[in-house]
Amino acid sequence: MINYSIIIPHKNIPDLLTRCVNSIPQRGDIQIIVVDDNSDQAYLDIFPSFYRSDLEVIFTKEGRGAGYARNIGLKRAKGKWLLFADADDYYTDGFLDVLDKYKETDIDVVYFCANKIHDPSIHVGIDSRNDHIFSYLENPVAGSFILRLRYWEPWDKLFRREYIVSNNFLFEEIQVGNDAMFVVKSGYYANHIKADPFPLYNYVIRPESLTTAVNNEKLLICFKLYLRLNTFYRSIHQNSFMFSYAHLHKAIL
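Parameters and conventions
- Residues numbered from 1 in each chain as written.
- Predicted model: local features only at pLDDT ≥ 70, side-chain atom pairs only at ≥ 80, totals over all residues.
- Heavy atoms only, no water.
- Buried < 20%, exposed > 50% of the residue type's maximum accessible area, 1.4 Å probe, protein only.
- Helix = DSSP H or I, 4+ residues; strand = E, 2+ residues; numbered from the N terminus.
- Pairing = 2+ DSSP bridges.
- Phe/Tyr/Trp six-rings, centres within 6.5 Å; stacked < 30°, edge-to-face > 60°.
- Lys NZ or Arg CZ within 6 Å of the ring centre and 35° of its normal.
- Contact = heavy atoms within 4.5 Å.
- Core = buried A, V, L, I, M, F, W, Y, C linked by side-chain atoms within 4.5 Å.
- Salt bridge = Lys/Arg side-chain N within 4 Å of Asp/Glu carboxyl O.
- Right-handed = clockwise from strand over helix to strand, strands pointing away.

A. The pairing of strand β4 (residues 81-84), seen in detail. Neither face of β4 is left uncovered, since the one carrying Trp81 and Leu83 and the one carrying Leu82 and Phe84 both have all their residues buried. Alignment of strand β1 (residues 4-10) against β4, held across 4 bridges, turns out to be parallel. Bridging across to β4, Tyr4 finds its partner in Trp81. Across 2 bridges, the pairing between β4 and strand β8 (residues 157-160) is antiparallel. Looking at the pairing, Trp81 lines up with Arg160 of β8.

Set out below in structure tokens:
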């Protein structure tokens, strides 16, 4: 039986992908799905050979981004639970032992803390978003909507696959922010959530990463994403989460 399916989109960073995969212990109840998003041939030529039976690599040629790659992985996932990792990040030692506490539960989404890693110094920092976790643990009623609606990244969360599939939650196939609507909607509609202070994941800040590189096209995509989020927040009567016009204007400057 597969308990955990871990989906990893990848493009042009095979050395970091190796680090990410190696942070996942080999166990019989794990499925790792690496979806290559049309890497350049030079990187495909040095693509790592993973000698482990729990991993499959899917090579796509469409080049439609991480959201598309994640959706491809979702179609192949077999586990009771879903995790999403970025290829340039990696998991914390002992994370599977913590996940095992939840594998027989009916929780829809489990939220974890994360470590912020500044490459190449590998200085471990405290992620300010972890404050949402602790606020929820102190006061679940007051902290619930913040956790569900503003804690956007998928990589520090555990999702029950049946819940995700039955609601047809998919990632947007856009250049940046493909995960925001997936995480916000799956969080909002979840019947049962849980927060855990364990730092599940190490996410790496790299100057050359897709999330840190900025151009006009990405800013416009972000602007449109914020508008879609505002529409959703308004539809669920959570106007306090809406982005202000000043914030939207700043996004395109």
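Next comes the rest of the write-up.
B. Geometry of the packing of aromatic side chains. If you walk through the whole model with that rule in mind, you get 22 aromatic pairs. Look at Tyr188 and Tyr189: their rings are 4.9 Å apart centre to centre, the planes differ by 80 degrees, and that puts the pair in the edge-to-face class. We classify Tyr188 as partly exposed; its relative accessible area is 24%. Joined through ring pairs, the aromatic side chains of Phe145, Tyr188, Tyr189, Phe232, Tyr233 and Phe241 make up one cluster. Sitting over the face of the ring of Phe243, Arg150 holds its NZ or CZ atom 5.0 Å from the ring centroid.

C. Molecular detail of the side chain of Asp86. Here Asp86 lies in the loop between β4 and β5 (90-91). Here Asp86 falls in the buried class, since its relative accessible area comes to 19%. Excluding anything up to four places from it in sequence, Asp86 contacts Ile8, Cys20, Arg70, Trp155 and Tyr201.

D. How the structure looks around the environment of Phe50. Counting through the fold element by element, Phe50 comes out in the loop between α2 (41-44) and β3 (55-60). Residue class for Phe50 comes out buried when judged on its relative accessible area of 17%. Residues Phe50 and Asn22 lie 28 residues apart in sequence; the distance between their C-alpha atoms is 9.3 Å. Apart from the residues within four sequence positions on either side, Phe50 is in contact with Leu17, Thr18, Val21 and Leu55.

E. Representation of the nonpolar core in the model. Core analysis: the biggest nonpolar cluster contains 34 residues, and Ile8, Tyr91, Leu99 and Leu158 have the highest contact counts within it. Elements with a minimum of two residues in this core: β1, α1 (14-22), β2 (30-37), β4, α4 (95-99), β6 (109-118) and β9 (193-205). Sequence-distant contacts of Ile8, that is, excluding residues within four places in its chain, are made with Leu17, Cys20, Val21, Ile24, Ile32, Ile33, Val34, Val35, Ala85, Asp86 and Ala87. Residues Tyr68, Phe84, Tyr136 and Phe182 belong to the second largest nonpolar core, which totals 28 residues.

F. Here's a closer look at helix α3 (residues 66-76). In terms of burial, α3 is largely enclosed, as 8 of its 11 residues are buried. For α3, the set of buried residues is Gly67, Tyr68, Ala69, Arg70, Asn71, Ile72, Gly73 and Leu74.

G. Spatial organisation of the pattern of salt bridges. One pass over the full model with this rule turns up 13 salt bridges. With its nearest N and O atoms 2.7 Å apart, the salt bridge here joins Asp54 to Arg52. Both residues of the pair, Asp54 and Arg52, belong to the buried class. Note that Glu162 is salt-bridged to Arg160, the shortest N-O span being 3.5 Å. A residue is classified by how much of its surface remains accessible, and Arg160, at 16% relative accessible area, is buried. Residues joined in a network through salt bridges with shared partners are Arg27, Asp29 and Asp100.

H. Seen up close, the pairing of β2. Of all 8 residues making up β2, 8 are buried, and the element is well covered by its neighbours. Relative to β2, β1 runs parallel, the two sharing 7 bridges. Pairing of Ile7 across the sheet is with Ile33, part of β2. Between β1 and its parallel partner β2, the chain crosses via α1, and the hand of that crossover is right-handed. Two strands pair when backbone bridges link them, and β2 and β3 are joined in this way by 6 bridges, in the parallel orientation. Along β3, the bridge assignment pairs Ile32 with Leu55.

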